Amino acid sequence: MGKIIQSILDSLKLTDEDDFEDIDYQNKTINRETYEDETKTIKKGENNMKKVHIVTYTHWDREFRWEFERTRMRLVDLFDHLFEIMEQKPDYRSFLCDGQLTLIADYLEIRPEMTDTVKKYVQEGKLEIGPWFTLPDCAPIQGESVVRNIQYGVKKSKEFGEPLKCGYNVFSFGQIG
């Protein structure tokens, strides 16, 4: 619990003068006393925590909740903000583009001047694109479509750098026989 809770509470910049309400976190109550105990434990180097990996990404549906153009403008805002973060925080690790390249294609239709920026971050491994062209729902389509989608996605992704080397697919419900 320690480092995560410490990070959350430190981000609130609490001081001794601040009110400190109890916070429930994973069935444990965090209050001023437990926070201070956790902080002392961490500072002593008594770390028996598990390592947590956080993957920043988006799951992106082009036309699920809103019409395509409205969704695309939200995508443009997302990438504009992401690239600001990457520029301002060089230690920002990476962002996963939902295993598909369509996000980049849609973004660059609106912001073609950002092509070099996209290539830069893909080549640095900070922007993970592909291997799919568009993330398929594997249940209602034929296997040939799945294969061609990933072949095309890998080919187009290589125009920017190396595609993701993982068969990530949030819609992998299996092929209907």
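The preceding data block contains the structure.
Conventions adopted
- Residues numbered from 1 in each chain as written.
- Predicted model: local features only at pLDDT ≥ 70, side-chain atom pairs only at ≥ 80, totals over all residues.
- Heavy atoms only, no water.
- Pairing = 2+ DSSP bridges.
- Helix = DSSP H or I, 4+ residues; strand = E, 2+ residues; numbered from the N terminus.

*Asks:* Teacher, can you tell me more about the sheet that holds strand β5 (residues 127-128) here?
*Replies:* Sheet strands pair via backbone hydrogen bonds, and the direction of the pair is either parallel or antiparallel. Across the sheet, which stays open at both edges, the three strands sit in the order β3-β4-β5 with parallel pairing between neighbours. Edge positions in the sheet fall to β3 (56-57) and β5, since each of these pairs with one other strand and no more. In terms of strand pairing, β3 meets strand β4 (residues 95-96) through two bridges, oriented parallel. Residue Tyr57 lies in a different strand from β4, and its bridge partner there is Leu96.

*Asks:* Is there a simple way to explain unusual backbone geometry in this structure?
*Replies:* Across residues other than glycine, the phi torsion is negative in most instances, and most of the peptide bonds are trans. The omega torsion of the bond from Gly130 to Pro131 falls at 10°, within 30 degrees of zero and hence cis. If you check the backbone angles, Asp98 has positive phi at about 60° while not being a glycine. When you line up the elements, Asp98 lands in the loop between β4 and α4 (102-110).

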